[in-house]
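Fold and geometry: a report
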Amino acid sequence: MSNASITKTTPEWNTINWAKVQRKVFKLQKRIFQAVKSGNKVKAKKLQKLLLKSHYAKLLAIRKVTQDNQGKKTAGVDGIKALRPNQRLKLIKELTLKGYKAKALRRVWIPKPGREEKRGLGIPTMKDRAMQALVKSALEPYWEAQFEGTSYGFRPGRSAHDAIGRIYSGINQCSGGKYVLDADIAKCFDKINHEYLLSKVDCPYLIKRIIKQWLQSGVMDNGVFEETDSGTPQGGVISPLLANIALHGMINDTMNKFPKSFYRNGKQVRDNQPKIIRYADDFVIIHNEYEVILQCKEIIAQWLKKAGLELKPEKTSIRHTLKSIEHDGQTVDPGFDFLGFNIRSYSKGKHRSGKTPRGKIIGSKTLIKPSKKKILAHHEALKEVIKDNKKAPQAALIARLNPIILGWCNYYRTVASKETFASENNVLWNMLRAWTVNRKKKKTPLYEALRKYFSYGKYGKWTFQTEEAVLYYHAETEIKRHQLVKPDASPYDGNWTYWSKRRGTYTGTPARVSRLLKKQKGICPQCKQHFTPEDLIEVDHIIPKSKGGLDTYNNLQALHRHCHEAKSKNDYLYDWHL
């Protein structure tokens, strides 16, 4: 980075009003979104150029890559892992489109969860990451106004739970079950055709030129340079957005090959179009007829060829939600796994059966549960922690186990997981019993050894606890259904009434928030600044639940959204990539 001097009028990094910065940037992003929605893409591109020159947008981009992101301490080819506040301020002047040149990526190999193979990540330099974050802030609202409603991966305001909820709504009220194509795109991030992607990006020339540099910058692997002829670099800030742009249109183009309704034997067949739900490079297609599923598979295979992609045969299969079927000479069991969940319909009597919106009994019920593969992976994660802490104090073991248990339960709390959570308690009990037996002296009776670590507490007389810490039990997790996001909704649409309810943020003053603001005298306890009517407010636990905090009024506080994000870095983070 250059040694550009900072004038005395430049505010210090730690005194920047981040609430104001976020408001200014969001206003421009909202205008870009609305311009595209109204069909005025020329205006949207002018606003994109304005955003890329914005001092506030540059501040926010630098903050995201140097302070907020989990991989902020991973160095690129220049070896820089972190920036001091004065270096962050210097970097602002270097984030200009004209004259910008991207450096090569540094390849880092990481193991894939549950597999022996490794995945290569291309790590950009700190400056390149900041520029990618800046460009993404201009591109994302532009494309969020166009993306398909049933695309959920790597998009703001959407999650894996939304994809699962959409699948459930497409299967649950169907009599006799449905056929499903469960498919995966082979090496999606590594094989996307560059020319195809650049032709779809639809942005000002200067932005397209920089994106081309990122795609073709090459990779340094242990000092050896390799050219990148295809794919988007995994590890880059903007890569997930570029992958979504490349796959945009696959859902609508496939659905439009089929009429919404047609006549068969003199009767009208409605809802004929297949339902397609995509999460990043994984997707499912749902329909009543096996032949339609086969047609969709062929249509999508042809569509992907244009992007230089193909389906992964070993991860692509046709199944039925209710019954076993014959496919490719093999008997396939009912149900399928997607994003760590198992989705299956079960035959039920009239009293337990699902019903159509008009109240007609369909004779089956769809249940979504944690997949067996993910349950076993969770067991292995718990075993590994307990094994690594054979001689550690009990409180240290609890501190290691709690975030794993709580994070796993939070991911699966939106589906039919009550029985699974109960069985996980028994599995964990046996693991901890073995941990206790391994630590006891030979002459010490087992009962006395157990009583040293288990005592009467929150979960009865067999609570694994110390005076300071209590182990979180799976069965304590309350099942809470996920509210499905609206297909056309986006955080950039400015509908704060809708998004504040979904995200737990508030622009008004509901009773609980009003009481907290009154208790805090209108001051955020994190940054010590007053709240304003335009600020996003998040209710947070003073003592995190993972450390024994309760959902009581005395343990709640109102924070600025940006302050909550900063605070969360110091608390336990639950990031589950499935």
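Here, every reference points to the structure presented above.
Figured I'd write up the structure that's included with this text. The model shown is predicted, which means the values in this text are computed figures rather than measured ones.

Pairing analysis gives 3 bridges linking strand β16 (residues 454-457) to strand β17 (residues 460-464), with the strands arranged antiparallel. Along β17, the bridge assignment pairs glycine 457 with glycine 460. Linking β16 back to β17 in an antiparallel pair, the connection comprises 2 residues.

So, on to the pattern of salt bridges. Taken as a whole and judged by the stated rule, the model has 10 salt bridges. The closest approach of N and O atoms between glutamate 94 and lysine 127, which form a salt bridge, is 3.7 Å. Linking glutamate 94 in the loop between α4 (85-92) and β1 (105-111) with lysine 127 in helix α5 (residues 126-144), this pair joins segments that are 33 residues apart in sequence. For glutamate 94, a relative accessible area of 11% translates into the label buried. Between aspartate 271 and lysine 275 there is a salt bridge, with its nearest N and O atoms 3.1 Å apart. Its relative accessible area of 49% is what places aspartate 271 among the partly exposed residues. Here the salt bridges do not stand alone but share partners, grouping Lys41, Lys45 and Asp202 into one network.

Taken together, the side chains of Lys46, Lys49, Lys53 and Lys98 make up a positively charged region of the molecular surface. Mapping lysine 98 onto the fold places it in the loop between α4 and β1.

Turning to the environment of lysine 260, a few remarks are in order. Position of lysine 260 relative to the elements: it lies in the loop between α11 (250-255) and β6 (262-264). In this structure lysine 260 comes out as exposed when scored by relative accessible area, which is 63%. Separated by 13 residues in the primary sequence, lysine 260 and glutamine 273 place their C-alpha atoms 5.4 Å from one another. Each residue touching lysine 260, except ones within four places of it in the same chain, is listed here: Val269, Arg270, Asp271, Asn272 and Gln273.

How each quantity is defined
- Residue numbers restart at each chain and count upward from 1, following the sequence in its written direction.
- Per-residue local features are limited, in this predicted model, to residues with pLDDT of at least 70; the limit for side-chain atom pairs, both in listing and counting, is 80 or more; totals at the level of whole chains, interfaces and linings are taken over all residues.
- Heavy atoms throughout the structure, all of them, feed into the side-chain values; hydrogens and water do not.
- At least two DSSP bridges between two strands are needed for those strands to be called paired.
- The helix count covers DSSP runs of H or I at least four residues long, the strand count covers runs of E at least two residues long, and both are numbered beginning at the N terminus.
- We define a salt bridge as a side-chain nitrogen of Lys or Arg found within 4 Å of a carboxyl oxygen belonging to Asp or Glu.
- The cut-offs for exposure are 20% and 50% of the maximum accessible area for each residue type, with area from a 1.4 Å probe on protein chains only; residues under the lower value are buried, those over the upper are exposed, and the others partly exposed.
- Patch definition: residues above 30% relative accessible area lacking any salt bridge, with like charges linked at up to 9 Å and the nonpolar side chains Val, Leu, Ile, Met, Phe, Trp and Tyr linked at up to 5 Å.
- Calculation of accessible area relied on Shrake-Rupley with a 1.4 Å probe; when residues are assessed, cover is drawn exclusively from the protein chains displayed.
- Only four residue types enter the charge count: Lys and Arg as positive, Asp and Glu as negative, with His and the chain ends excluded.
- Throughout, a charge is located at the NZ atom of Lys, the CZ atom of Arg, the CG atom of Asp or the CD atom of Glu.
- Contact criterion: two residues are considered in contact whenever any of their non-hydrogen atoms come within 4.5 Å of each other.

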